[in-house]
Amino acid sequence: MVQCNMALVTFKAVIVAFSIGLGSALRLDVSPDAFDTMFTDQLDLACVSNDRLEVKSVLSLEILKKGEDQMIAEISYKGLARGDNWNKNFEVQGNLDKGLNNKFLKLTIKKPGQRETGTYVCKMFYLDHNHAIHEMEVEANVTIANEDITVVAKYLLERIAKLEKNDIEQRDLILTQRASIQELRKSLKELEKNVTDIEWTPIAFSYAYPENNNKLSNGNVIIFRDKIIDVGNAYNPSTGIFTAPRHGLYVFHLVIRSWSPAANINVVLVTKNQELGSLAATSNDHRQQSSISTAVPLEEGETVKAVVDYTNKDVMDYLQYFSYFTGYLVKPF
(Lines give C-alpha, C1' and ligand atoms only; values in the text may rest on other atoms or scores of the structure.)
Protein backbone atom coordinates (compact mmCIF):
# COMPACT_ATOMS: atom_id res chain seq x y z
CA MET A 1 0.00 0.00 0.00
CA VAL A 2 1.32 3.46 -0.87
CA GLN A 3 1.92 6.25 1.66
CA CYS A 4 -1.59 7.70 1.30
CA ASN A 5 -2.97 4.64 3.10
CA MET A 6 -0.94 5.50 6.21
CA ALA A 7 -3.07 8.59 6.51
CA LEU A 8 -6.17 6.39 6.28
CA VAL A 9 -4.95 4.31 9.22
CA THR A 10 -4.90 7.46 11.31
CA PHE A 11 -8.38 8.38 10.10
CA LYS A 12 -9.77 4.99 11.06
CA ALA A 13 -8.31 5.30 14.55
CA VAL A 14 -10.46 8.33 15.28
CA ILE A 15 -13.64 7.30 13.40
CA VAL A 16 -16.71 8.19 15.43
CA ALA A 17 -19.37 7.12 12.92
CA PHE A 18 -19.72 4.63 10.06
CA SER A 19 -22.17 4.85 7.17
CA ILE A 20 -22.84 2.64 4.15
CA GLY A 21 -24.61 4.17 1.15
CA LEU A 22 -25.59 7.42 2.89
CA GLY A 23 -28.14 8.88 0.51
CA SER A 24 -26.54 10.02 -2.74
CA ALA A 25 -23.43 11.56 -1.14
CA LEU A 26 -21.32 8.87 -2.85
CA ARG A 27 -21.78 6.79 -5.96
CA LEU A 28 -19.72 4.39 -8.10
CA ASP A 29 -20.37 4.70 -11.84
CA VAL A 30 -19.31 1.79 -14.04
CA SER A 31 -19.24 1.88 -17.85
CA PRO A 32 -19.94 -0.64 -19.18
CA ASP A 33 -21.18 -2.78 -16.30
CA ALA A 34 -21.18 -5.81 -18.64
CA PHE A 35 -18.42 -5.98 -21.23
CA ASP A 36 -17.30 -8.27 -24.06
CA THR A 37 -13.71 -9.47 -23.73
CA MET A 38 -13.28 -9.38 -27.52
CA PHE A 39 -14.79 -6.02 -28.39
CA THR A 40 -14.62 -3.77 -25.29
CA ASP A 41 -11.64 -1.41 -25.48
CA GLN A 42 -11.84 0.00 -21.96
CA LEU A 43 -13.69 -0.21 -18.65
CA ASP A 44 -14.34 3.01 -16.65
CA LEU A 45 -15.03 3.14 -12.89
CA ALA A 46 -15.73 6.56 -11.35
CA CYS A 47 -16.03 7.10 -7.59
CA VAL A 48 -17.89 10.42 -7.21
CA SER A 49 -18.68 12.39 -4.02
CA ASN A 50 -21.60 14.84 -4.20
CA ASP A 51 -21.65 17.80 -1.80
CA ARG A 52 -24.14 17.07 0.99
CA LEU A 53 -24.97 18.97 4.18
CA GLU A 54 -23.47 16.21 6.32
CA VAL A 55 -20.15 16.26 4.41
CA LYS A 56 -17.89 19.16 5.27
CA SER A 57 -14.65 17.91 3.68
CA VAL A 58 -13.67 14.81 1.67
CA LEU A 59 -10.40 13.43 2.99
CA SER A 60 -9.88 10.59 0.48
CA LEU A 61 -11.52 8.40 -2.16
CA GLU A 62 -10.43 4.82 -2.80
CA ILE A 63 -11.39 2.11 -5.32
CA LEU A 64 -10.71 -1.53 -4.50
CA LYS A 65 -12.02 -4.92 -5.53
CA LYS A 66 -14.12 -6.89 -3.07
CA GLY A 67 -12.38 -10.02 -1.87
CA GLU A 68 -8.92 -8.54 -2.52
CA ASP A 69 -7.04 -6.77 0.23
CA GLN A 70 -5.09 -4.29 -1.83
CA MET A 71 -6.12 -0.89 -3.09
CA ILE A 72 -6.40 -0.32 -6.85
CA ALA A 73 -6.45 3.49 -6.91
CA GLU A 74 -6.68 6.29 -4.36
CA ILE A 75 -6.75 10.07 -4.13
CA SER A 76 -6.08 12.04 -0.91
CA TYR A 77 -4.55 15.32 0.16
CA LYS A 78 -1.18 13.78 -0.86
CA GLY A 79 -2.33 13.24 -4.45
CA LEU A 80 -3.07 10.22 -6.65
CA ALA A 81 -1.84 6.72 -5.88
CA ARG A 82 -2.25 3.31 -7.47
CA GLY A 83 -1.73 -0.29 -6.37
CA ASP A 84 1.63 -1.85 -7.15
CA ASN A 85 0.57 -5.42 -7.92
CA TRP A 86 -2.60 -4.88 -9.89
CA ASN A 87 -3.28 -4.57 -13.63
CA LYS A 88 -0.60 -2.26 -15.04
CA ASN A 89 -2.72 -1.39 -18.05
CA PHE A 90 -4.89 1.26 -16.41
CA GLU A 91 -5.00 5.01 -15.86
CA VAL A 92 -6.01 7.00 -12.77
CA GLN A 93 -7.51 10.50 -12.59
CA GLY A 94 -8.99 12.44 -9.69
CA ASN A 95 -9.64 15.78 -7.96
CA LEU A 96 -10.41 16.76 -4.35
CA ASP A 97 -10.27 20.54 -4.76
CA LYS A 98 -12.44 22.34 -2.19
CA GLY A 99 -13.98 24.52 -4.86
CA LEU A 100 -15.16 21.49 -6.84
CA ASN A 101 -18.72 20.40 -6.15
CA ASN A 102 -18.13 16.78 -7.21
CA LYS A 103 -14.90 15.25 -5.94
CA PHE A 104 -13.99 12.17 -7.93
CA LEU A 105 -11.57 9.31 -8.52
CA LYS A 106 -11.69 7.68 -11.96
CA LEU A 107 -10.09 4.37 -12.96
CA THR A 108 -9.80 3.46 -16.68
CA ILE A 109 -8.80 -0.13 -17.50
CA LYS A 110 -7.61 -0.81 -21.07
CA LYS A 111 -8.69 -4.05 -22.77
CA PRO A 112 -10.47 -5.56 -19.76
CA GLY A 113 -10.55 -9.33 -19.38
CA GLN A 114 -11.89 -12.03 -17.09
CA ARG A 115 -9.86 -10.73 -14.11
CA GLU A 116 -11.62 -7.37 -14.23
CA THR A 117 -15.03 -8.93 -13.48
CA GLY A 118 -16.40 -8.87 -9.93
CA THR A 119 -17.62 -6.43 -7.29
CA TYR A 120 -15.84 -3.08 -6.92
CA VAL A 121 -16.00 -0.92 -3.79
CA CYS A 122 -15.72 2.86 -3.63
CA LYS A 123 -14.69 4.14 -0.18
CA MET A 124 -14.80 7.73 1.02
CA PHE A 125 -13.38 9.21 4.25
CA TYR A 126 -14.78 12.60 5.14
CA LEU A 127 -15.22 15.12 7.96
CA ASP A 128 -18.63 16.24 9.11
CA HIS A 129 -19.35 19.71 10.50
CA ASN A 130 -18.37 18.55 13.99
CA HIS A 131 -14.95 17.50 12.64
CA ALA A 132 -15.72 13.85 13.15
CA ILE A 133 -14.24 11.41 10.60
CA HIS A 134 -16.62 9.10 8.79
CA GLU A 135 -16.19 6.24 6.30
CA MET A 136 -18.71 5.61 3.53
CA GLU A 137 -18.69 2.99 0.79
CA VAL A 138 -20.76 1.92 -2.21
CA GLU A 139 -20.49 -1.13 -4.46
CA ALA A 140 -20.97 -1.91 -8.17
CA ASN A 141 -20.77 -5.16 -10.11
CA VAL A 142 -18.89 -5.70 -13.37
CA THR A 143 -19.68 -8.80 -15.43
CA ILE A 144 -18.95 -10.26 -18.86
CA ALA A 145 -21.70 -9.85 -21.41
CA ASN A 146 -23.89 -12.76 -22.53
CA GLU A 147 -21.52 -15.65 -23.17
CA ASP A 148 -23.62 -16.85 -26.09
CA ILE A 149 -23.02 -13.52 -27.83
CA THR A 150 -19.30 -13.81 -27.13
CA VAL A 151 -19.21 -17.31 -28.59
CA VAL A 152 -21.02 -16.14 -31.72
CA ALA A 153 -18.72 -13.14 -32.02
CA LYS A 154 -15.67 -15.39 -31.64
CA TYR A 155 -17.02 -17.72 -34.32
CA LEU A 156 -17.66 -14.80 -36.66
CA LEU A 157 -14.16 -13.42 -36.11
CA GLU A 158 -12.64 -16.83 -36.78
CA ARG A 159 -14.79 -17.14 -39.90
CA ILE A 160 -13.71 -13.70 -41.10
CA ALA A 161 -10.06 -14.56 -40.46
CA LYS A 162 -10.47 -17.79 -42.43
CA LEU A 163 -12.15 -15.93 -45.31
CA GLU A 164 -9.38 -13.32 -45.30
CA LYS A 165 -6.79 -16.11 -45.40
CA ASN A 166 -8.63 -17.75 -48.31
CA ASP A 167 -8.82 -14.38 -50.04
CA ILE A 168 -5.06 -13.91 -49.69
CA GLU A 169 -4.45 -17.43 -51.00
CA GLN A 170 -6.77 -16.77 -53.95
CA ARG A 171 -5.00 -13.51 -54.72
CA ASP A 172 -1.61 -15.25 -54.56
CA LEU A 173 -2.97 -17.95 -56.87
CA ILE A 174 -4.27 -15.32 -59.32
CA LEU A 175 -0.89 -13.55 -59.31
CA THR A 176 0.86 -16.88 -59.93
CA GLN A 177 -1.52 -17.68 -62.77
CA ARG A 178 -1.00 -14.24 -64.29
CA ALA A 179 2.75 -14.77 -64.19
CA SER A 180 2.28 -18.17 -65.84
CA ILE A 181 0.07 -16.63 -68.54
CA GLN A 182 2.70 -13.98 -69.22
CA GLU A 183 5.35 -16.67 -69.55
CA LEU A 184 3.07 -18.64 -71.89
CA ARG A 185 2.48 -15.54 -74.01
CA LYS A 186 6.21 -14.95 -74.20
CA SER A 187 6.79 -18.57 -75.19
CA LEU A 188 4.01 -18.32 -77.77
CA LYS A 189 5.62 -15.26 -79.33
CA GLU A 190 8.93 -17.08 -79.52
CA LEU A 191 7.17 -20.08 -81.06
CA GLU A 192 5.37 -17.87 -83.57
CA LYS A 193 8.68 -16.28 -84.48
CA ASN A 194 10.29 -19.69 -84.93
CA VAL A 195 7.36 -20.90 -87.03
CA THR A 196 7.60 -17.73 -89.10
CA ASP A 197 11.29 -18.31 -89.59
CA ILE A 198 10.59 -21.86 -90.73
CA GLU A 199 7.68 -21.00 -93.00
CA TRP A 200 8.96 -17.71 -94.46
CA THR A 201 8.44 -17.09 -98.13
CA PRO A 202 11.71 -17.25 -100.09
CA ILE A 203 12.92 -14.13 -101.91
CA ALA A 204 15.29 -14.62 -104.86
CA PHE A 205 15.96 -12.99 -108.21
CA SER A 206 18.49 -13.04 -111.03
CA TYR A 207 18.30 -10.71 -114.06
CA ALA A 208 20.73 -10.34 -116.97
CA TYR A 209 21.71 -7.28 -118.94
CA PRO A 210 20.00 -7.37 -122.37
CA GLU A 211 22.14 -7.91 -125.44
CA ASN A 212 20.71 -4.92 -127.34
CA ASN A 213 20.69 -2.39 -124.48
CA ASN A 214 21.32 1.25 -125.38
CA LYS A 215 23.09 4.31 -123.90
CA LEU A 216 24.26 4.24 -120.29
CA SER A 217 26.16 7.11 -118.64
CA ASN A 218 27.91 7.92 -115.38
CA GLY A 219 25.50 7.93 -112.39
CA ASN A 220 22.88 5.83 -114.16
CA VAL A 221 21.26 2.81 -112.50
CA ILE A 222 22.03 -0.29 -114.54
CA ILE A 223 18.73 -1.93 -115.43
CA PHE A 224 18.96 -5.71 -115.76
CA ARG A 225 15.80 -6.56 -117.70
CA ASP A 226 16.15 -10.18 -118.85
CA LYS A 227 14.69 -12.43 -116.15
CA ILE A 228 16.49 -15.60 -115.26
CA ILE A 229 14.52 -16.27 -112.04
CA ASP A 230 12.28 -14.16 -109.82
CA VAL A 231 10.63 -15.45 -106.62
CA GLY A 232 8.78 -12.83 -104.62
CA ASN A 233 8.87 -10.00 -107.19
CA ALA A 234 11.15 -7.88 -105.02
CA TYR A 235 13.29 -6.72 -107.99
CA ASN A 236 11.81 -4.19 -110.41
CA PRO A 237 13.12 -4.83 -113.99
CA SER A 238 11.79 -1.43 -115.07
CA THR A 239 13.93 0.57 -112.59
CA GLY A 240 16.75 -1.89 -111.80
CA ILE A 241 16.05 -1.48 -108.05
CA PHE A 242 15.61 -4.27 -105.49
CA THR A 243 13.31 -3.45 -102.51
CA ALA A 244 13.51 -5.65 -99.39
CA PRO A 245 10.01 -7.02 -98.67
CA ARG A 246 10.94 -7.82 -95.05
CA HIS A 247 13.65 -7.41 -92.46
CA GLY A 248 16.39 -9.98 -92.92
CA LEU A 249 19.86 -10.93 -94.08
CA TYR A 250 20.37 -10.74 -97.87
CA VAL A 251 23.15 -11.78 -100.24
CA PHE A 252 23.83 -10.01 -103.57
CA HIS A 253 26.04 -10.93 -106.56
CA LEU A 254 26.91 -8.51 -109.33
CA VAL A 255 28.78 -9.61 -112.51
CA ILE A 256 29.91 -7.15 -115.24
CA ARG A 257 31.65 -8.17 -118.46
CA SER A 258 33.47 -5.68 -120.66
CA TRP A 259 33.28 -6.50 -124.39
CA SER A 260 34.36 -3.61 -126.62
CA PRO A 261 38.01 -2.69 -127.16
CA ALA A 262 39.34 0.02 -124.80
CA ALA A 263 36.12 -0.05 -122.79
CA ASN A 264 36.33 0.77 -119.08
CA ILE A 265 33.47 0.64 -116.57
CA ASN A 266 33.32 0.99 -112.76
CA VAL A 267 30.10 -0.08 -110.98
CA VAL A 268 29.10 0.31 -107.32
CA LEU A 269 26.41 -1.58 -105.39
CA VAL A 270 24.48 0.97 -103.33
CA THR A 271 22.00 0.93 -100.44
CA LYS A 272 20.98 3.91 -98.28
CA ASN A 273 23.31 5.97 -100.41
CA GLN A 274 26.16 3.85 -99.10
CA GLU A 275 28.40 1.60 -101.15
CA LEU A 276 28.23 -2.12 -100.42
CA GLY A 277 31.12 -2.74 -102.79
CA SER A 278 32.49 -1.83 -106.21
CA LEU A 279 34.09 -3.49 -109.25
CA ALA A 280 35.98 -2.43 -112.37
CA ALA A 281 35.97 -4.13 -115.80
CA THR A 282 38.40 -3.11 -118.56
CA SER A 283 38.77 -4.63 -122.04
CA ASN A 284 41.71 -3.89 -124.34
CA ASP A 285 42.03 -6.49 -127.05
CA HIS A 286 40.10 -9.18 -125.15
CA ARG A 287 36.99 -9.50 -122.94
CA GLN A 288 37.20 -9.04 -119.12
CA GLN A 289 34.60 -10.02 -116.50
CA SER A 290 34.53 -8.74 -112.86
CA SER A 291 32.21 -9.65 -109.99
CA ILE A 292 31.35 -8.71 -106.42
CA SER A 293 29.43 -10.58 -103.69
CA THR A 294 28.22 -9.16 -100.39
CA ALA A 295 25.89 -9.99 -97.50
CA VAL A 296 23.95 -7.20 -95.84
CA PRO A 297 21.07 -6.89 -93.31
CA LEU A 298 18.18 -4.84 -94.69
CA GLU A 299 15.10 -3.38 -93.07
CA GLU A 300 11.77 -3.76 -94.83
CA GLY A 301 11.57 -1.19 -97.63
CA GLU A 302 15.33 -0.62 -98.03
CA THR A 303 16.68 -0.76 -101.59
CA VAL A 304 19.78 -2.05 -103.40
CA LYS A 305 20.88 -1.07 -106.91
CA ALA A 306 23.90 -1.16 -109.25
CA VAL A 307 25.06 2.32 -110.29
CA VAL A 308 27.63 3.31 -112.96
CA ASP A 309 30.43 5.13 -111.22
CA TYR A 310 32.47 5.67 -114.42
CA THR A 311 32.41 4.58 -118.07
CA ASN A 312 34.25 5.83 -121.16
CA LYS A 313 31.67 4.49 -123.58
CA ASP A 314 28.24 5.97 -124.25
CA VAL A 315 26.82 2.82 -125.74
CA MET A 316 27.04 -0.18 -123.39
CA ASP A 317 26.94 -2.84 -126.08
CA TYR A 318 29.95 -4.48 -124.51
CA LEU A 319 27.98 -5.64 -121.48
CA GLN A 320 26.15 -8.23 -123.54
CA TYR A 321 24.30 -11.12 -121.87
CA PHE A 322 27.25 -12.04 -119.67
CA SER A 323 26.42 -9.33 -117.07
CA TYR A 324 23.77 -10.03 -114.44
CA PHE A 325 22.43 -9.00 -110.98
CA THR A 326 21.40 -11.66 -108.42
CA GLY A 327 20.08 -11.49 -104.86
CA TYR A 328 18.25 -13.60 -102.30
CA LEU A 329 17.04 -13.67 -98.67
CA VAL A 330 19.22 -15.86 -96.46
CA LYS A 331 17.41 -15.46 -93.10
CA PRO A 332 14.48 -13.32 -91.98
CA PHE A 333 14.71 -11.40 -88.69
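Analysis parameters
Residues numbered from 1 in each chain as written. Predicted model: local features only at pLDDT ≥ 70, side-chain atom pairs only at ≥ 80, totals over all residues. Heavy atoms only, no water. Helix = DSSP H or I, 4+ residues; strand = E, 2+ residues; numbered from the N terminus. Buried < 20%, exposed > 50% of the residue type's maximum accessible area, 1.4 Å probe, protein only. Contact = heavy atoms within 4.5 Å.

## Structural notes on the environment of aspartate 309
With respect to the helices, strands and loops of the structure, aspartate 309 is situated in strand β20 (residues 303-311). The class of aspartate 309 is partly exposed, set by a relative accessible area of 48%. Taking C-alpha positions, aspartate 309 is 5.8 Å from glycine 219, a pair spaced 90 residues apart along the chain. Other than its neighbours up to four places away in sequence, aspartate 309 contacts Asn218, Asn266, Val267 and Val268.

## Observations concerning unusual backbone geometry
In this structure, the amide linkage connecting serine 31 to the following residue, proline 32, adopts the cis form with an omega of -10°. Here proline 32 lies in the loop between β2 (26-31) and β3 (34-35). Within the chain, histidine 131 stands out as a residue other than glycine whose phi angle is a positive 65°. Inspection of the secondary structure assignment puts histidine 131 in the loop between β10 (118-127) and β11 (133-144). What makes histidine 131 exposed here is its relative accessible area of 54%. For asparagine 233, which is not glycine, the phi torsion reads 55° and is therefore positive. For asparagine 233, the location among the structural elements is in the loop between β13 (226-231) and β14 (235-236).

As far as function goes, none of this settles anything; it's purely spatial.
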